[in-house]
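# Residue-level structural notes
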Amino acid sequence: MSGILVIAEQRRGELRPATLEMVSAAQTVRRTPDERVAVAILADEPDRFIPEVSVAGVDEIVTVPLAVKDFDPEALEAATLALIEARRPALVLVPHSIDSFGYAAALAVKGGYGFATDVFRIAREGDAFLATRGGYGQKVNVELDFPDKDVVLLSVRANVFKPPEGRATPAVSAFAAPAARARVSGRQYIEVSAGDDIDMSGAEFILSIGRGIGEQANVEQFRELAHTIGAALGCSRPIADAGWLPKSRQIGQSGKTASACKLYLAMGISGAIQHLAGMKHVATIVAVNADPSASIFSVATYGVKADIFEFAEALRAQFGS
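Because the structure is a prediction, the values reported are computed rather than measured. (Residues numbered from 1 in each chain as written. Predicted model: local features only at pLDDT ≥ 70, side-chain atom pairs only at ≥ 80, totals over all residues. Heavy atoms only, no water.)

### Concerning the sheet that holds strand β6 (residues 91-95)
The pairing of strands in a sheet comes from backbone hydrogen bonds and takes either a parallel or an antiparallel form. Taken together, the 7 strands give an open sheet; going across it, the order is β7-β11-β6-β1-β4-β5-β12, and neighbouring strands pair in parallel fashion. A single partner strand is all that each edge strand has here, and the edge strands are β7 (114-119) and β12 (171-174). Geometrically, the sheet is characterised by an average inter-axis angle of 20 degrees between neighbouring strands, direction not taken into account. Relative to β12, strand β5 (residues 60-65) runs parallel, the two sharing 4 bridges. (Pairing = 2+ DSSP bridges. Helix = DSSP H or I, 4+ residues; strand = E, 2+ residues; numbered from the N terminus. Axes fitted to C-alpha atoms, helices over the stretch in contact; angles between N-to-C directions.)

### A few points about the sheet that holds strand β8 (residues 121-125)
Across the sheet, 3 strands lie side by side as β8-β9-β10; this open sheet has antiparallel pairing. Looking at the sheet topology across the chains shown, the edges are occupied by β8 and β10 (140-145). Ignoring which end each strand starts from, the neighbouring axes of this sheet average 30 degrees apart. Pairing of β8 with strand β9 (residues 128-135) involves 5 bridges; the strand directions are antiparallel. Across the sheet, I122 pairs through a bridge with A131, a residue of β9.

### Considering the pattern of salt bridges
Enumeration according to the criterion identifies 16 salt bridges in this entry. Between D118 and R157 there is a salt bridge, and its shortest N-O distance comes to 2.9 Å. Of this pair, D118 sits in strand β7 while R157 sits in the loop between β11 (152-156) and β12, and the two are 39 residues apart along the sequence. Taken as a pair, D118 and R157 share a single burial class, namely buried. A salt bridge links D241 to K247; the nearest nitrogen and oxygen atoms lie 3.4 Å apart. The class of K247 is partly exposed, set by a relative accessible area of 41%. (Salt bridge = Lys/Arg side-chain N within 4 Å of Asp/Glu carboxyl O. Buried < 20%, exposed > 50% of the residue type's maximum accessible area, 1.4 Å probe, protein only.)

### Observations regarding the confidence of the model for the protein chain
Of all residues in the protein chain, 96% attain a pLDDT of 70 or more, and the chain-wide mean is 91. Highest mean pLDDT in the protein chain belongs to strand β1 (residues 4-7) (98); lowest belongs to helix α7 (residues 273-276) (82). (pLDDT = per-residue confidence, 0-100.)

As structure tokens, this is what we get:
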């Protein structure tokens, strides 16, 4: 058992950013250049992703054609299991995403692999892998090891590892996946209208609100505040789920990633891991919360223990005309 296998993720013909982030994650535990890092592309037309995956740190690209065009957990599980059993890598990395939720746990059980989710740090102690993830609402870090496991499968948290910048010319090989019977079939994919004209992933300054605003009637004053200070108004999932702001404004794992954001102002957001996945990579984060133990303070550049309404009033006084 040797080498590291990265399972690429694509959705509706587009490579997900987490794929290249996992390549960087693999480099953190790669001991020598002889320990090969392979990226497996599982798709109906995997060859089209080869140029995007040919980045520094990738030694081999494995194309795995699937008979299904859209995401199918049974097909991915069967193909990935067969690939792992054929190659027996020491470490397998998948994104911590809504797609991997559908097959990674079952894959680990069927293969008898060591398994951990939402991993944000990977280390090595001798020949053993150590994975670090959050626990108790991100109030503590939990380090896991996997005794007597020849293969370890980890789902890696998004926006933790910076994608490689260089290019490479990796070897390309093909693997024939076994046929898998899908339990569901898709007729048509319909893109839900965002109902908003803003692209949160392109905003450089975001003011984001969470449950701390209390009630829907308070949304408008923060919308006006965002306009006053020149920020885009974002939110955490509870706000979007309640319908107080459109889903297109949600920042987090099941929403948008603040990819271009340079300054993130979080108001009344506790800092659930799903929200942190969309913003913790931002260079400057200012968190305002009345709870000094709020998880968001662990990633904030500047933390302000204060009532968000009083803080908002101070901003209006400073920036208002």
